[in-house]
Amino acid sequence: MAIAINHHRCTGCRACYDECPADVFAWDAATDLPIVAYPDECWHCGICSMECDEKALIHTLPPQCWNDINKRYVANLGRMSQPKQAPGSAEEETGG
Ligand code: SF4
Ligand code: SF4
């Protein structure tokens with residue numbers, strides 16, 4: 001499941017329930033705590049985790065998200081591995 005709630009930490013502040021743009025959470029009236037009602041609707045925006053001051057939400061990205069991140073990382077590797085200008089080099093000295 002993409003989102004899990006640690007109910008030992010959750011204080012029932014409702015932030016995740018109120019802020020989730022995909023309405024993944026429902027409210028359990030019996031416990032007065034949120035439940036993950038529609039996990040397949042989660043689009044992994046991360047808002048709920050950011051809003052939870054108690055760090056009660058465990059957000060796991062699905063493998064496909066990591067594949068996409070890795071592809072983007074590899075595509076940028078060439079640019080990221082350009083050598084940095086050494087301190088005291090000619091270009092740096094002429095710059096001022
Ligand atoms: S934001 Fe965190 S503490 Fe608040 S209701 Fe959701 S899980 Fe519980
Ligand atoms: S990551 Fe975004 S879409 Fe998924 S449950 Fe949290 S707020 Fe909702």
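Residues numbered from 1 in each chain as written. Chains lettered and ligands numbered in written order. Predicted model: local features only at pLDDT ≥ 70, side-chain atom pairs only at ≥ 80, totals over all residues.

Caption draft 1: A look at helix α3 (residues 63-75). Counted at 1.5 Å a residue, the expected span for α3 with its 13 residues is 18 Å, and the 18 Å between its end C-alpha atoms agrees. Sparse coverage of α3 is indicated by the burial of zero of its 13 residues. (Helix = DSSP H or I, 4+ residues; strand = E, 2+ residues; numbered from the N terminus. Expected span 1.5 Å × (residues − 1). Buried ≥ 20, exposed ≤ 12 C-beta atoms within 10 Å, placed from the backbone.)

Caption draft 2: Highlighting the site of ligand 1. Near ligand 1 you find 14 residues, and of these C10, C13, A15, C16 and C52 are the closest. Looking at the shell around ligand 1 residue by residue, the class counts come to nine nonpolar, two polar and three charged. (Near = placed C-beta within 6 Å. Nonpolar A, V, L, I, M, F, W, Y, C, P; charged D, E, K, R; others polar.)

Caption draft 3: Inspection of the nonpolar core at higher detail. Counting ten residues, the largest nonpolar core is built from I3, C16, C20, V24, F25, C42, C48, C52, A56 and L57. Residues contacting C42, with those up to four places away along its chain left out, are A2, I3, A22 and V24. (Core = buried A, V, L, I, M, F, W, Y, C linked by C-beta atoms within 7 Å. Contact = placed C-beta atoms within 7 Å.)

Caption draft 4: Unusual backbone geometry, seen in detail. Here D32, not a glycine, exhibits a phi torsion of approximately 60°, which is positive. Within the secondary structure layout, D32 lies in the loop between β2 (25-28) and β3 (33-36). On the basis of neighbour counts, which here come to 9 C-beta atoms within 10 Å, the residue D32 falls in the exposed class. Unusually for a residue other than glycine, H44 sits at a positive phi of about 65°. Inspection of the secondary structure assignment puts H44 in the loop between β3 and α2 (47-51). We classify H44 as partly exposed; it has 15 C-beta atoms within 10 Å.

Keep in mind that these numbers describe shape and distance, not what the molecule does.
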